[in-house]
Amino acid sequence: MGASISAAAGLIFVCFLSVAVIVSAWDSPHRTEVAWAVCCGWGVLALGGLWYARKAISGPPPFQRMAGALARDYVSLLALADRQEP
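About the thresholds
- Residues numbered from 1 in each chain as written.
- Predicted model: local features only at pLDDT ≥ 70, side-chain atom pairs only at ≥ 80, totals over all residues.
- Heavy atoms only, no water.
- Helix = DSSP H or I, 4+ residues; strand = E, 2+ residues; numbered from the N terminus.
- Buried < 20%, exposed > 50% of the residue type's maximum accessible area, 1.4 Å probe, protein only.
- Areas by Shrake-Rupley, 256 points an atom, 1.4 Å probe, with all protein chains shown as cover.
- Disulfide = S-S within 2.5 Å.
- Patch = residues over 30% accessible without salt bridge, like charges linked within 9 Å, V, L, I, M, F, W, Y side chains within 5 Å.
- Salt bridge = Lys/Arg side-chain N within 4 Å of Asp/Glu carboxyl O.
- Phe/Tyr/Trp six-rings, centres within 6.5 Å; stacked < 30°, edge-to-face > 60°.
- Lys NZ or Arg CZ within 6 Å of the ring centre and 35° of its normal.
- pLDDT = per-residue confidence, 0-100.

Moving on, we get to the overall build of the protein. Along its length, the protein carries three helices and zero strands. Counting helices and strands in the order they occur from the N terminus, the protein gives α-α-α. Taken along the three principal axes of its C-alpha coordinates, the protein extends 90 × 20 × 20 Å. Burial statistics for the protein: of 86 residues in total, 3% are counted as buried. As presented, the protein carries roughly 7700 Å² of accessible surface, and 72% of it is formed by carbon and sulfur atoms.

Written out as structure tokens, the structure reads:
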């Protein structure tokens with residue numbers, strides 16, 4: 001949980017930093033280029049996050065073994081219930 005709070009705080013910081021960079025360059029002749037550079041930076045960050053998320057979910061589900069055990073228990077319970085009916 002601490003890592004996610006740190007990541008969220010870092011993301012908020014980068015948001016404010018991006019605004020500060022654009023505002024600082026507002027009166028310069030390179031205002032448009034700076035704004036597009038910040039936008040491209042966010043795009044790279046988003047693509048990196050997407051790559052990381054896809055990599056994280058490509059592994060086996062965390063409760064795959066639990067689901068198998070519950071399915072076997074359910075089948076056993078149904079078989080036991082069928083045997084006990086008169």
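Moving on, we get to the state of the cysteines. Throughout this description, disulfide means a covalent bond between two cysteine sulfur atoms. All told, the structure shown has zero disulfides when counted by the stated rule. Not part of a disulfide, C39 finds its nearest cysteine sulfur in C40, a span of 5.7 Å.

Take a nonpolar patch on the surface next. Taken together, L11, F13, V14, L17, V21 and L45 make up a surface patch of nonpolar side chains, about 500 Å² in accessible area. Ranked by the residues each element gives to the nonpolar patch, the list is headed by helix 1 (residues 2–24), at five residues. Checked against the element boundaries, L17 lands in helix 1. The class of L17 is partly exposed, set by a relative accessible area of 41%.

This next bit is on the packing of aromatic side chains. This model, assessed by the stated rule, comprises zero aromatic pairs. Above the plane of the ring of W26 lies R31, whose end atom (NZ or CZ) is 4.5 Å from the centre.

Let's shift gears to the environment of R65. Within the secondary structure, R65 sits in helix 3 (residues 64–84). In sequence terms R65 and L11 are 54 residues apart; their C-alpha atoms lie 35 Å from each other.

Right, let's talk about the confidence of the model for the protein for a bit. Residue-level pLDDT values for the protein average 87, and 94% of them are 70 or greater. Averaged pLDDT values for the elements of the protein fall to 86 in helix 3 and rise to 92 in helix 2 (residues 31–57).

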